[in-house]
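As a plain string of letters, each chain reads:
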Amino acid sequence: MRLYFLDNLRWMIIMLLFPYHTLLMYNNLGIDYIIMVSGNTFATVFILLFSNWFMQLLFAIAGISTFYALKKRNKTEYLKERVSKLLIPTIAGIIFVLPVWVYYGFLYNGYTGNFLSFWWYFLTNWPAFAGDAYGSGIGPLWFLLYLFIISLVALPIILKYRNANWKLPLEKINIPHMLLFIIPLSIGSFFLNLAPEKSLVQFFLLFLFGYFLLSDEGIQNKLEKRRWPLFITFIVLTAILITIYFQAANNNVSPDIFSILFEAFYINTLVLVAVMSIMGMGKHYLEFNNSATLYLAAASFPIYIFHIAWINIAAYYIIGFIPGAIALQIVLIMAISLVMTLLTYEMVRRIKIVRSLFGIRG
């Protein structure tokens, strides 16, 4: 059974990364990016609107997709697919894409060496890059690596559940029951932040939430029915978060243990409501396909890998060419990086040996 709304949500989130990673260069949230230009209020608000939930939604969708994948594949086939789609592209990205991303970041910050010497230096000193402030040894590829690890860890749990006599009473689970998931999600968000402020435990729990709950058609129908109350709640929570941020920034508030715990609870409430509301909206409004959506669904993971290099390449040249014209910089960086990313995908998918490195099917 193919749920096109899941494919559409996935590629929409990945396309959102073009403005997201571009605007990270202009944020004043204290989030370090490998190229930093200046603090900009619009960029800051945009990052606050999306940063806390949009990648989390991808892991929930991955959990749902795994539910359907394991209906068609045995565990060996599933693991092979995970290696070819996630692990090998992660390694290929570290070797061929991340050095470009980091190199243009270094050029922006004053580096003067040529690319080939830098590429060799990057590969031979990769552990140092992996542990730096930007996480530039893994960069945005953390998503593929996290998803691969989570897939491996979740598989034994899933198989044990499938062979067990006891099953979740999914028909009795309602939205208030699902909201109780905020508690383990909040606790889990403190653990295994292997990439900066990205909890492997939080993403793992969302993957399981997707597999065990959101994959059920009855629960999807409940979310669709309550989509507007959930979505309005999500918008209100986001508006409050943005207001709190600017008030705290203006008052130079120092966090204490209670504020840290409250923030974790609040953010994970927003995460869960966002996932549930967007699932409901997606099921109602995005269950369709056409040539464009099918193309983007197939290209989404390669686009994820390639876009990071082209954003930094475009930023390096455009920021230097039109300094001070921030709005025009942002538009051009997004447009050029999008076009070049799609061209790269089209070139790579036509070369059999190369496309297999990036998980692209023939």
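Just above, that's the structure.
Residues numbered from 1 in each chain as written. Predicted model: local features only at pLDDT ≥ 70, side-chain atom pairs only at ≥ 80, totals over all residues. Heavy atoms only, no water.

**Focus on the overall build of the protein**
Condition: By definition, any uninterrupted DSSP run of H or I lasting at least four residues is a helix, any uninterrupted run of E lasting at least two residues is a strand, and each is numbered from the N terminus. Think of it in three bands: with a 1.4 Å probe and only protein chains considered, a residue is buried below 20% of the maximum accessible area for its type, exposed above 50%, and partly exposed in between. Contacts between residues were defined by any pair of non-hydrogen atoms, one from each residue, lying within 4.5 Å. All accessible-area figures derive from a Shrake-Rupley calculation using a 1.4 Å probe, and residue coverage is judged against the displayed protein chains alone. Asp and Glu count as negative and Lys and Arg as positive, but His and the ends of the chain are not part of the count. Note on charges: their place is set at NZ of Lys, CZ of Arg, CG of Asp or CD of Glu.
Summing up its helical and strand segments, the protein has 17 helices and 2 strands in all. In terms of overall dimensions, the protein has a C-alpha envelope of 65 × 55 × 40 Å along the principal axes. Put simply, the protein has 362 residues, and 50% of those count as buried. For the protein, restricting intrachain contacts to residue pairs at least 6 apart in sequence, the fraction spanning at least 24 positions comes to 78%. Only carbon and sulfur atoms are counted for the fraction: they give 68% of the accessible area of the protein, which is about 17300 Å². Charge centroids of the protein, computed over 24 positive and 14 negative side chains, lie 11 Å from each other.

**Let's talk about the packing of aromatic side chains**
Formally: Stacked, tilted and edge-to-face pairs are distinguished by plane angle, under 30 degrees for stacked and over 60 for edge-to-face with tilted covering the rest, among Phe, Tyr and Trp rings (Trp via its six-membered ring) whose centres lie within 6.5 Å. In this analysis the charged atom, NZ for Lys or CZ for Arg, is taken to sit over a ring once it is within 6 Å of the ring centre and within 35 degrees of the ring normal.
Across all of its chains, the model carries 38 aromatic pairs by this definition. Judged by centre distance (5.2 Å) and plane angle (90°), the ring pair of Phe67 and Tyr68 falls under edge-to-face. Using a relative accessible area of 14% as the deciding quantity, one classes Tyr68 as buried. Ring plane angle 35° and centroid distance 6.4 Å describe the contact between Phe118 and Phe122, whose orientation is recorded as tilted. You can see Phe118 and its partner Phe122 sitting in helix H6 (residues 115-124), 4 residues apart, about one turn around the helix. Considered together, Phe118 and Phe122 belong to a single accessibility category, that of buried residues. The rings of Tyr103, Tyr104, Phe106, Tyr111, Phe115, Phe118, Phe122, Tyr316 and Tyr317 are connected pair by pair, giving a single aromatic cluster. Cation over ring: Lys167 sits above Tyr161, and NZ or CZ is 4.5 Å from the ring centre.

**Some words on the pattern of salt bridges**
Threshold: For this document, the term salt bridge refers to a Lys or Arg side-chain nitrogen within 4 Å of an Asp or Glu carboxyl oxygen.
Here the structure, examined in full by the defined rule, presents 4 salt bridges. One salt bridge in this structure joins Arg10 and Asp7, with 3.0 Å as the shortest N-O distance. Of the two residues, Arg10 and Asp7 are both situated in helix H1 (residues 4-15); the distance of 3 residues between them amounts to about one turn of the helix. For the pair Arg10 and Asp7, one class covers both residues: buried. Between Glu346 and Arg349 there is a salt bridge; the shortest N-O distance is 3.1 Å. One network of salt bridges, with partners in common, ties together Glu346, Arg349 and Arg350.

**Focus: the packing of H1 against helix H15 (residues 291-321)**
Put simply, the rule reads: Here, axes are lines fitted to C-alpha atoms. For helices the fit covers the stretch in contact, and angles between N-to-C directions go from 0 to 180 degrees. Any angle that falls under 35 degrees is termed roughly parallel, while one over 145 is termed roughly antiparallel, one within 65 to 115 roughly perpendicular, and all others oblique. Rotating anticlockwise by less than a right angle from the far helix to the near helix defines a left-handed crossing, while the corresponding clockwise rotation defines a right-handed one. For this classification, the nonpolar set comprises Ala, Val, Leu, Ile, Met, Phe, Trp, Tyr, Cys and Pro, the charged set comprises Asp, Glu, Lys and Arg, and every other residue, Gly included, is treated as polar.
Closest axis-to-axis distance for the H1/H15 pair is 9 Å, and the angle between their directions is 45°. It follows from the interaxial angle that H1 and H15 lie oblique. As H1 packs across H15, the resulting crossing turns out to be left-handed. Each of Tyr4, Asp7, Asn8, Arg10, Trp11, Ile14 and Met15 in H1 lies in contact with H15, whose residues at this interface are Thr293, Leu294, Leu296, Ala297, Ser300, Phe301, Ile303 and Tyr304. Considering only residue class, the contact of H1 with H15 consists of 10 nonpolar, 3 polar and 2 charged.

**Description of helix H8 (residues 142-163)**
Threshold: Working rule for helices: expected span equals 1.5 Å times residues minus one. Take the seven residues that end at a residue and the seven that start at it, fit an axis to each, and the angle between those axes is the bend at that residue.
End to end, H8 covers 32 Å across 22 residues, agreeing with the expected 32 Å (1.5 Å per residue, within 8%). Its axis deflected by about 30° at Ala154, H8 carries its strongest bend there, up to four residues before the proline Pro156. Looking at H8, one finds that the buried residues are Trp142, Phe143, Leu144, Tyr146, Leu147, Phe148, Ile150, Ser151, Ala154, Leu155, Ile158 and Tyr161.

**Structural notes on the environment of Tyr121**
In this structure, Tyr121 sits in helix H6. Sequence-wise, Tyr121 and Met15 are 106 residues apart; in three dimensions their C-alpha atoms are separated by 31 Å.

**A word on the packing of helix H5 (residues 75-108) against H15**
For the pair H5 and H15, the least separation of the axes is 9 Å and the interaxial angle reads 5°. Looking at the two axes, H5 sits roughly parallel to H15. Contacts between H5 and H15 involve Lys85, Leu86, Pro89, Gly93, Val97, Leu98, Val100, Trp101, Tyr104, Gly105, Leu107 and Tyr108 from the first element and Phe301, Ile305, Phe306, Ile308, Ala309, Asn312, Ile313, Tyr316, Tyr317 and Ile319 from the second. Tallied by class, the residues present in the contact of H5 with H15 amount to 18 nonpolar, 3 polar and 1 charged.

**A short note on the nonpolar core**
Defined as follows: Within this scheme, the nonpolar core is defined by two criteria: the residues are buried Ala, Val, Leu, Ile, Met, Phe, Trp, Tyr or Cys, and they are joined through side-chain atoms within 4.5 Å.
Ranked by internal contacts, the top residues of the largest apolar core, which has 123 residues, are Phe143 and Met279. It is H15 that provides the largest number of residues to this core, a total of 16 residues. Beyond its immediate chain neighbours, meaning those up to four positions away, Met279 contacts Phe5, Leu6, Leu9, Leu57, Ile64, Leu214, Gln220 and Leu223.

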